[in-house]
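Structural description and commentary
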Amino acid sequence: MKRIYLFLLLLIGSWQMINAKITFTVEGPKESYNQVKIINETSVDSLHLRVVKLNLDGTNESVFGVYYINGRGADDTKTTNDNRIQRGKQLAIELPKDFPVELSCFAEYRTLPLFQMIIIHLHDKDKGFE
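Attention here is on the structure that accompanies the text. (Residues numbered from 1 in each chain as written. Predicted model: local features only at pLDDT ≥ 70, side-chain atom pairs only at ≥ 80, totals over all residues. Heavy atoms only, no water.)

Points about the sheet that holds strand β3 (residues 35-41)
An order of β6-β3-β10-β9 is seen for the four strands of this open sheet, with the pairing classed as mixed. Strands at the two margins of the open sheet, each flanked by one partner only, are β6 (75-79) and β9 (103-111). Strand-to-strand, the axes of this sheet are offset by a mean angle of 20°, without reference to chain direction. In the sheet, β9 pairs with strand β10 (residues 116-124) via nine bridges, with the strands oriented antiparallel. The residue bridging Phe106 from the neighbouring strand is His121, located in β10. (Pairing = 2+ DSSP bridges. Helix = DSSP H or I, 4+ residues; strand = E, 2+ residues; numbered from the N terminus. Axes fitted to C-alpha atoms, helices over the stretch in contact; angles between N-to-C directions.)

Next comes the structure, spelled out in structure tokens:
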């Protein structure tokens, strides 16, 4: 029985390593957001990732957008009114399996006349701000 529990723990741990995710909770001042902008502040020149909304149990609810960012300091933005992100919702940034560095992020929130934006700044986890 102990072996089964150990096997399950190892399986869960390896699954988390394979599917690298950065998760955070939307805490901005607005009730909902219709735009997510990702800014590449990492040491990696080209990023391909996706932003997903999570269920309470941490499983994927829906994909908000797939992002392609070429260059440091570059960004990509996705907008929708059909798939708004509510305040308090958990989001995940999913990276490819073979992504070369560990990342972290911080989010800022902006309100424009037609857009309620979540701006996500990605940077290397082991480096501070430049």
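Topic: the sheet that holds strand β4 (residues 46-54)
Taken together, the four strands give an open sheet; going across it, the order is β1-β8-β4-β5, and neighbouring strands pair in antiparallel fashion. Each end of this open sheet is capped by a strand with a single partner; those strands are β1 (21-25) and β5 (60-70). Taken over all neighbouring pairs, the strand axes of this sheet differ in orientation by 20° on average, direction set aside. The sheet contact formed by β1 and strand β8 (residues 90-94) spans five bridges and is antiparallel. When the bridges of β8 are listed, Thr25 appears paired with Gln90.

Re the side chain of Asn83
Counting through the fold element by element, Asn83 comes out in the loop between β6 and β7 (85-86). A distance of 2.9 Å separates the side chain of Asn83 from the side chain of Lys53, its partner in a polar contact. From its side chain, Asn83 meets the backbone oxygen of Val63 in a polar contact 3.4 Å long. Residue contacts for Asn83: discarding those within four places in its chain leaves Lys53, Ser62, Val63 and Phe64. (Polar contact = N/O pair within 3.5 Å; in protein donor to acceptor, adjacent residues only side chain to side chain. Contact = heavy atoms within 4.5 Å.)

Section: the pattern of salt bridges
Oppositely charged side chains may form a pair once their charged atoms are brought near each other. Evaluated as defined, the whole model comprises seven salt bridges. Among the ionic pairs, Glu61 bridges to Lys89, the shortest N-O distance being 2.4 Å. Taken together, the positions of Glu61 in strand β5 and Lys89 in the loop between β7 and β8 put the pair 28 residues apart, joining distant regions of the chain. Take Glu61: its relative accessible area is 38%, and that puts it in the partly exposed class. Linked by salt bridges that have partners in common, Lys21, Arg50 and Glu94 make up one network. (Salt bridge = Lys/Arg side-chain N within 4 Å of Asp/Glu carboxyl O. Buried < 20%, exposed > 50% of the residue type's maximum accessible area, 1.4 Å probe, protein only.)

Side note on a nonpolar patch on the surface
Together, Val63, Val66 and Tyr68 line one region of the surface with nonpolar side chains, adding up to about 260 Å² of accessible area. Secondary-structure assignment places Val66 in strand β5. (Patch = residues over 30% accessible without salt bridge, like charges linked within 9 Å, V, L, I, M, F, W, Y side chains within 5 Å. Areas by Shrake-Rupley, 256 points an atom, 1.4 Å probe, with all protein chains shown as cover.)

Digging into the packing of aromatic side chains
A full pass over the atoms with the stated rule returns one aromatic pair. Between Tyr33 and Tyr109, the aromatic rings sit 5.4 Å apart at their centres with planes inclined by 45°, giving tilted as the arrangement. With a gap of 76 residues between them, Tyr33 in strand β2 (residues 32-33) and Tyr109 in strand β9 connect regions that are remote in the sequence. Judged by its relative accessible area of 1%, Tyr33 is buried. A cation sits over an aromatic face here: Lys78 above Tyr67, 5.6 Å from the ring centre. (Phe/Tyr/Trp six-rings, centres within 6.5 Å; stacked < 30°, edge-to-face > 60°. Lys NZ or Arg CZ within 6 Å of the ring centre and 35° of its normal.)

Read these as spatial facts, not as claims about activity.
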